[in-house]
Amino acid sequence: MPAIISDVPRIALIHSTQGHVDPVERAFADHWPEVERITLLDDALNLQSRPAAGAIFSSAALFRFKELTDYAVSMCVQGILYTCSQFGEAIEAAREHWRMPILKPQEALLLSALEHGSRLGLVTARESDIEALQREFFDLAEETGASIELATLCLPEAAHVNGFQSPELDELLRERTSALQACDAIMLPDFAGAAAAPVLRRVLDRPVLAAPDASVLLLKQLLSVR
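Residues numbered from 1 in each chain as written. Predicted model: local features only at pLDDT ≥ 70, side-chain atom pairs only at ≥ 80, totals over all residues. Heavy atoms only, no water.

A. Up close: the environment of Gln106. Assignment of secondary structure puts Gln106 in the loop between β4 (102-103) and α5 (107-114). Each C-alpha atom of the pair Gln106 and Pro212 lies 8.9 Å from the other, and the pair is 106 residues apart in sequence. (Helix = DSSP H or I, 4+ residues; strand = E, 2+ residues; numbered from the N terminus.)

B. Region of interest: the sheet that holds strand β6 (residues 149-154). The strand order across the open sheet formed by 4 strands is β6-β5-β7-β8, and the pairing between neighbours is parallel. Pairing within the sheet leaves two strands with one partner each, and these edge strands are β6 and β8 (208-210). The average undirected angle you get between the axes of adjacent strands in this sheet is 25°. As paired elements, strand β7 (residues 185-188) and β8 share 3 bridges and run parallel to each other. Opposite Ile186, over in β8, you have Val208 as the bridge partner. Together, β7 and β8 form the strand contacts of helix α8 (residues 197-204), whose direction differs from that of β8 by roughly 170°. (Pairing = 2+ DSSP bridges. Axes fitted to C-alpha atoms, helices over the stretch in contact; angles between N-to-C directions. Contact = heavy atoms within 4.5 Å.)

C. Structural context of helix α9 (residues 211-224). Compared with an ideal rise of 1.5 Å per residue, which puts 14 residues at 20 Å, α9 spans 20 Å between its outermost C-alpha atoms and is within 8% of the ideal. For α9, the full list of buried residues reads Ala211, Pro212, Ala214, Ser215, Val216, Leu218, Leu219 and Leu223. (Expected span 1.5 Å × (residues − 1). Buried < 20%, exposed > 50% of the residue type's maximum accessible area, 1.4 Å probe, protein only.)

D. Main features of the packing of aromatic side chains. Under the criterion given, the structure shown has 2 aromatic pairs. On the basis of an interplanar angle of 25° and a centroid distance of 6.3 Å, the ring pair of Phe28 and Trp32 is categorised as stacked. Assigned by exposure class, Phe28 and Trp32 land together as buried. When the centroid spacing of 4.8 Å and the interplanar angle of 20° are considered together, the rings of Phe65 and Tyr82 count as stacked. Of this pair, Phe65 sits in helix α3 (residues 59-74) while Tyr82 is found in strand β3 (residues 79-82), placing the two residues 17 residues apart along the sequence. The burial state of Phe65 is the same as that of Tyr82; both residues are buried. (Phe/Tyr/Trp six-rings, centres within 6.5 Å; stacked < 30°, edge-to-face > 60°.)

E. Seen up close, the side chain of Thr177. You can see Thr177 is positioned in the loop between α7 (167-176) and β7. Those residues in contact with Thr177, other than ones at most four positions away along the chain, are Leu153, Leu155, Leu200 and Leu204.

F. Broad picture of unusual backbone geometry. Backbone geometry at Cys76 places phi at a positive 60°, although glycine is not the residue there. Mapped onto the fold, Cys76 is located in the loop between α3 and β3. Judged by relative accessible area, which is 25%, Cys76 ranks as partly exposed. One non-glycine residue with positive phi stands out, namely Asp205, at about 55°. Along the chain, Asp205 turns up in the loop between α8 and β8. Accessibility expressed as a relative area gives 67% for Asp205, which makes it exposed.

G. Molecular detail of the sheet that holds strand β1 (residues 10-15). The sheet built from 4 strands is open, its strands ordered β2-β1-β3-β4 with parallel pairing. If you trace the sheet from one side to the other, it starts and ends with β2 (36-41) and β4, each paired once.

H. Main features of the environment of Leu133. Note that Leu133 resides in helix α6 (residues 130-144). Each C-alpha atom of the pair Leu133 and Gln86 lies 9.7 Å from the other, and the pair is 47 residues apart in sequence. When residues no more than four places from it in sequence are discounted, the contact partners of Leu133 are Gln106, Leu122, Thr124 and Pro189.

Take a look at the structure:
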């Protein structure tokens, strides 16, 4: 197969859920519209990744994950962004094999948040996600040599506000997020919940960072110096 030649960087986006596609595309439109994107979506990965008998992932999920990564590399991409965090171990394996910027879903978000301080807030729309996200962020912090304090909040409203403005909504969110007022920055790790960032910035009056924006900006930075 002949190589694909282009002066414009090409990025592969690997998703395991449809809900992550549009937020990433909006982030590229805002921060790096000229870059070429290849979107690879396999929502069966969410089912295949369910562990069996003590395994971290099923062998089918790992094999399919590698297939998607190898296919992305065959398309002459210069970087890869994965948007689902349960595949951290497989992403590490891809990094060891392929020498290009390969980002975990939340690492750019943490690096961006650390520019504001070490007292960080974590907002998710699902209670069931908090424990896994805490582990993810503490592991990422250890990798970077950072020490962080992490305040967590389950805010179901974050999945629905989508920039909507009303005094009643602002007051509700202000009350619900009062525990985050001491944080240096607030993180929205779920790609599907990124649209809540403008509302939370307004009611919290502090940096609120969303995973899609942070990831796109970091990829742009990494590839601009290569």
